[in-house]
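Next come the chains, spelled out residue by residue.
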Amino acid sequence: MPVITSIEDLRVLAQKRVPRMFYDYADSGSWTESTYRANESDFQKIKLRQRVAVNMENRSTATQMVGVDVKMPVAIAPTGLTGMQHADGEILAARAAEAFGVPFTLSTMSICSIEDIAAHTKAPFWFQLYVMRDRGFIERLIDRAKAARCGALVLTLDLQILGQRHKDLKNGLSAPPKPTLSTMLNLMTKPRWCLGMLGTKRRQFGNIVGHVSGVGDMGSLAEWTAKQFDPQLNWGDVEWIKKRWGGKLILKGIQDVEDARLAVDSGADALIVSNHGGRQLDGAESSIHALPRIIEAVGSQIEVHMDGGIRSGQDVLKAWALGAKGTYIGRAFLYGLGAMGQPGVAKALEIIHKELDLTMAFSGHTQLKNVTREILLPGTYPTA
């Protein structure tokens, strides 16, 4: 096993082991990918103040996210097709998150189903919901999440229509892969991945196939999903979903102050400052750049989280210092999953935690709860 010291090491290994179409699906943005790149590069512009001669004993990064105790303010983000990065990928990632002590969020567009995760974990996981035109299906999804004892519902608001991702079109992305010559040649170079997929029955969208009338295979599924994302989604739907769910509700995809205020009015428990990893509106500002403005507007009224661009524990600390009470990692855990399965996800979490812990200490703090934007060098971080 190679020596793994960073999320970048996991990314390089995942690129070698995961078929191109699925690696590119995870590691890409829409159109020119400018927002995708800005999510990461804007973190790098923020500089830290180094402090010395401070007692660094008894450090703790523990906190809570929507009332849930977490080892660090990080949750596994919902990502589609996770089970195509590695066989049974959602199950493996959920197990790693549970063992480490952070929340796992299952996507509506996952390969493993809600019931699969519930059967293989003990800790309540979170479920991410896309709003479809078929409201009966949405009602059943919410009821299934309740039956699985999901701890929170993460409602994604920024995918009413699908942003164009050039790599997916060029790769002919599908699940399972289309048997083109190029695809087959690429698969021949990924024997580890192929053996894993041969050993599992989970190769389709587990939350959908078998749960929608007329959808029994990948062909009918593709036709169904192409028509189902609802461009008419509105705040009235949020109210309806909140009432149907009845539990903790987190709204994902907030980038604008006006929308943040509407999120507060909806009665949600938290919002996530997010641009969908740069996969929707190319040219939108980075999440870390939007964060301070939303914190100033609504941070005293609702718990504010963020995702997009987090590749290190330093990024987590910077987001926390700017007011985020929680962060989410998507690509960082996917790289670990694609590289080494469950141990890879565990490694990604360990790397981020160690970087968070050490950077907090070098910045003069031993308790995350006491960290404020004073650890950041003035003039290097975005303001409201």
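The present account deals with the structure reproduced in this document. (Residues numbered from 1 in each chain as written. Predicted model: local features only at pLDDT ≥ 70, side-chain atom pairs only at ≥ 80, totals over all residues. Heavy atoms only, no water.)

A separate point is the overall build of the chain. When its secondary structure is counted, the chain shows 16 helices and 10 strands. Here the chain has a C-alpha radius of gyration of 20 Å; the compact-globule value for 384 residues is 21 Å, and the two agree. A principal-axis box enclosing the C-alpha atoms of the chain has dimensions of 65 × 50 × 40 Å. Taken over 384 residues, the chain has a buried fraction of 59%. Put simply, of all contacts in the chain between residues at least 6 apart along the chain, 74% involve residues at least 24 apart. Each charge sign in the chain was given a centre, from 45 positive and 39 negative side chains, and these centres are 5 Å apart. (Helix = DSSP H or I, 4+ residues; strand = E, 2+ residues; numbered from the N terminus. Rg over C-alpha atoms; globule rule 2.2 N^0.38 Å. Buried < 20%, exposed > 50% of the residue type's maximum accessible area, 1.4 Å probe, protein only. Contact = heavy atoms within 4.5 Å. Lys, Arg positive; Asp, Glu negative; His and termini not counted. Charge placed at Lys NZ, Arg CZ, Asp CG, Glu CD.)

For any pair of aromatic rings, the description rests on two quantities: the centre-to-centre distance and the angle between the ring planes. For the coordinates displayed, the defined rule picks out 2 aromatic pairs. Relative to Trp193, the ring of Phe22 lies with its centre 5.9 Å away and its plane at 25 degrees, an arrangement referred to as stacked. Note that Phe22 is positioned in helix 2 (residues 20-26) and Trp193 in helix 9 (residues 191-198), a separation of 171 residues in sequence. With respect to burial, Phe22 and Trp193 carry one shared label: buried. Plain terms: the ring middles of Tyr130 and Phe229 are 5.5 Å apart, the flat faces sit at 85 degrees to each other, and that makes the pair edge-to-face. With Tyr130 in the loop between strand 5 (126-129) and helix 6 (135-147) and Phe229 in the loop between helix 10 (218-228) and helix 11 (235-245), this pair connects stretches of sequence that are 99 residues apart. On the basis of relative accessible area, Tyr130 is assigned to the buried category, the value being 10%. A cation over a ring is seen here: Lys71 above Phe100, with NZ or CZ 4.4 Å from the ring centre. A cation sits over an aromatic face here: Arg279 above Tyr25, 4.5 Å from the ring centre. (Phe/Tyr/Trp six-rings, centres within 6.5 Å; stacked < 30°, edge-to-face > 60°. Lys NZ or Arg CZ within 6 Å of the ring centre and 35° of its normal.)

Our next topic: the packing of helix 6 against helix 11. Between helix 6 and helix 11, whose axes approach to 10 Å, the crossing angle comes to 40 degrees. Here helix 6 runs over helix 11; the crossing is right-handed. Counting all contacts with helix 6, which are made through Arg135, Ile138, Glu139, Ile142, Asp143, Ala145 and Lys146, the residues of helix 11 involved are Asp237, Trp240, Ile241, Arg244 and Trp245. In terms of residue class, the contact of helix 6 with helix 11 is built from 6 nonpolar, no polar and 6 charged. (Axes fitted to C-alpha atoms, helices over the stretch in contact; angles between N-to-C directions. Left-handed = near helix turned anticlockwise from the far one by under 90°. Nonpolar A, V, L, I, M, F, W, Y, C, P; charged D, E, K, R; others polar.)

Taken across its 5 residues, strand 6 (residues 152-156) has 5 buried, putting it largely inside the fold. Every second residue of strand 6 is oriented toward a common face, with Ala152, Val154 and Thr156 on one face and Leu153 and Leu155 on the other, all of them buried. The sheet contact formed by strand 5 and strand 6 spans 4 bridges and is parallel. By the bridge assignment, Phe127 is partnered in strand 6 with Leu153. Handedness of the crossover is the feature at issue here: the chain leaves strand 5, passes through helix 6, returns alongside strand 6, and the resulting connection is right-handed. (Pairing = 2+ DSSP bridges. Right-handed = clockwise from strand over helix to strand, strands pointing away.)

Residues Leu181, Leu185 and Met188 make up a contiguous nonpolar surface patch of roughly 370 Å² in combined accessible area. Within the secondary structure layout, Met188 lies in helix 8 (residues 181-188). (Patch = residues over 30% accessible without salt bridge, like charges linked within 9 Å, V, L, I, M, F, W, Y side chains within 5 Å. Areas by Shrake-Rupley, 256 points an atom, 1.4 Å probe, with all protein chains shown as cover. Salt bridge = Lys/Arg side-chain N within 4 Å of Asp/Glu carboxyl O.)

Take helix 14 (residues 313-321) next. Counted residue by residue, helix 14 has 8 buried out of 9 residues, so it is predominantly covered. Taken together, the buried positions of helix 14 are occupied by Gly313, Asp315, Val316, Leu317, Lys318, Ala319, Trp320 and Ala321. In the stretch just after helix 14, Gly323 is the one whose phi turns positive, near 115 degrees.

Let us look at the environment of Asn275. Note on placement: Asn275 falls in the loop between strand 8 (270-273) and helix 13 (287-298). Judged by its relative accessible area of 5%, Asn275 is buried. Sequence separation between Asn275 and Gln255 is 20 residues, and the spatial gap between their C-alpha atoms is 6.8 Å. Filtering out sequence-adjacent residues up to four positions away, Asn275 remains in contact with Thr35, Asn39, Asp158, Gln255, Gln280, Glu285, Ser286 and Ser287. Here Gly278 takes part through its backbone nitrogen, which lies 2.9 Å from a polar atom of the side chain of Asn275. Of note is the side chain of Asn275, whose polar atom sits 3.0 Å from the backbone oxygen of Glu285. (Polar contact = N/O pair within 3.5 Å; in protein donor to acceptor, adjacent residues only side chain to side chain.)

It is worth spelling out the pattern of salt bridges at this point. Counted by the stated rule, this structure contains 14 salt bridges. When the shortest N-O distance is used, the salt bridge between Lys45 and Asp42 registers 3.0 Å. Taking relative accessible area as the criterion, Lys45 reaches 52% and is therefore assigned exposed. The salt bridge partner of Arg135 is Asp230, with a shortest N-O separation of 2.9 Å. In this pair, Arg135 is assigned in helix 6 and Asp230 in the loop between helix 10 and helix 11, connecting sequence segments 95 residues apart. Taking relative accessible area as the criterion, Asp230 reaches 6% and is therefore assigned buried. Connected through shared salt-bridge partners, Asp88, Asp116 and Arg202 make up one network.

In spatial order, the strands read 3-10-9-8-7-6-5-4; together these 8 strands make up an open sheet with parallel pairing. Whereas interior strands pair on both sides, the edge strands pair on one side only; in this sheet they are strand 3 (74-76) and strand 4 (105-106). Strand direction decides the pairing type here: strand 9 (residues 303-307) and strand 10 (residues 326-329), joined by 3 bridges, are parallel. Of the residues in strand 10, the one forming a bridge with Met306 is Thr327.

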